[in-house]
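What follows is each chain in one-letter form.
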Amino acid sequence: MHELAVTESILQIALRHLPKEEKLRIANVYLVIGQLSSIVDDSVQFYWDILTRDTLASNSILHFKRIPAEFLCLNCNTRYHPEKEFLECPTCSASEVKIIAGEEFYIEAIDVEEFTFSQDSMK
Ligand SMILES: [Zn+2]
């Protein structure tokens, strides 16, 4: 259950990327999450909706891209996508593997849009 801390840092990073001199707000945040990282999309989304309230990221949309895990067998050099329960090499059954992909967790892109005042505040 470290999604709260994770989500806080995503928000900090996103807000840090907003050019301060312009009236811009966060519209979309694109996250890349490896299959092996223990991040739960729904929890991040849940905290995001709470944490972004009254910030320049409120009502922004999170996009999750899942990267499937990929292992390299150190015994026979087979590259494979492990099933959840079967992590050993499908070719030689060795369990000495190197993780090639699946541990990613990063912000791929942040979309910003112009901040428009509500009609009330224009009057
Ligand atoms: Zn193997």
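About the cut-offs
- Residues numbered from 1 in each chain as written.
- Predicted model: local features only at pLDDT ≥ 70, side-chain atom pairs only at ≥ 80, totals over all residues.
- Heavy atoms only, no water.
- Helix = DSSP H or I, 4+ residues; strand = E, 2+ residues; numbered from the N terminus.
- Rg over C-alpha atoms; globule rule 2.2 N^0.38 Å.
- Buried < 20%, exposed > 50% of the residue type's maximum accessible area, 1.4 Å probe, protein only.
- Contact = heavy atoms within 4.5 Å.
- Pairing = 2+ DSSP bridges.
- Axes fitted to C-alpha atoms, helices over the stretch in contact; angles between N-to-C directions.
- Donors = N, O, S within 2.8 Å, 3.2 Å for Na, K, Ca; no water.
- Tetrahedral: all angles 85-135°; square planar, octahedral: opposite > 155°, others 65-115°.
- pLDDT = per-residue confidence, 0-100.
- Core = buried A, V, L, I, M, F, W, Y, C linked by side-chain atoms within 4.5 Å.

A. Representation of the overall build of the chain. Within the chain, the secondary structure is distributed over three helices and six strands. What you see in the chain, going N to C, is helices and strands ordered as α-β-α-β-β-β-β-β-α. Taking 2.2 N^0.38 as the reference for a compact globule, 123 residues should give roughly 14 Å; the C-alpha atoms of the chain span a radius of gyration of 20 Å, well beyond that estimate. In terms of overall dimensions, the chain has C-alpha extents of about 70 × 25 × 20 Å along its principal axes. Buried residues in the chain amount to 31% of all 123 residues.

B. Summary view of the environment of Ile 13. Along the polypeptide, Ile 13 turns up in helix H1 (residues 3–16). Apart from residues lying up to four places away in sequence, Ile 13 is in contact with Ile 107 and Ile 110.

C. Examining the sheet that holds strand E1 (residues 24–34) more closely. On the basis of which strands lie adjacent, the open sheet formed by three strands has the order E2-E1-E6 and mixed pairing. Only two strands of the sheet have a single partner each, and these edge strands are strand E2 (61–67) and strand E6 (105–114). This sheet shows a mean twist of 20° between the axes of neighbouring strands, independent of strand direction. Bridge analysis of E1 against E2 gives seven bridges, and the strand direction is parallel. Across the sheet, the residue bridging to Gly 34 is Ile 67, located in E2. Sitting on the sheet, H1 touches E1 and E6, and the angle it makes with E6 is about 45°. Set on the sheet, helix H2 (residues 41–51) makes contact with E1 and E2; between it and E2 the angle comes to about 160°.

D. Molecular detail of the coordination of the zinc ion. Distances from the zinc ion to its protein donors, Cys 73 (SG), Cys 76 (SG), Cys 89 (SG) and Cys 92 (SG), fall within 2.2 to 2.3 Å. Geometry at the zinc ion is tetrahedral, judged from its four donor atoms and the angles of 105 to 114° they form at the metal. Going along the chain, you hit the donors of the zinc ion in the pattern C-x2-C-x12-C-x2-C. Classification of Cys 89 by relative accessible area gives buried; the value is 2%. The partly exposed category is assigned to Cys 92, whose relative accessible area is 29%.

E. The arrangement of the confidence of the model for the chain in detail. Taken as a whole, the chain shows an average pLDDT of 89; of its residues, 92% reach a score of 70 or greater. Scored below 50 in pLDDT, residues 119–123 makes one contact in the model with residues more than four places away or belonging to other chains.

F. Summary view of the sheet that holds strand E3 (residues 70–73). Read across the sheet, three strands follow the order E4-E3-E5 without closing on themselves; strand pairing throughout is antiparallel. Across the chains shown, the open sheet's two edge strands, defined by having one partner strand only, are strand E4 (79–80) and strand E5 (97–101). Alignment of E3 against E5, held across four bridges, turns out to be antiparallel. Residue pairing in the sheet places Cys 73 in a bridge with Val 97 of E5.

G. A look at the nonpolar core. Grouped together as the largest cluster of nonpolar side chains are 15 residues, with contacts concentrated most on Ile 10, Ile 26, Val 29, Leu 31, Val 44, Trp 48 and Leu 62. Counting residues per element, the ones that place at least two in this core are H1, E1 and H2. Each residue touching Val 29, except ones within four places of it in the same chain, is listed here: Ile 10, Ala 14, Trp 48, Ile 61, Leu 62, His 63, Ile 107 and Ala 109. Counting six residues, the second largest nonpolar core, distinct from the first, contains Phe 71, Cys 73, Tyr 80 and Ala 94.

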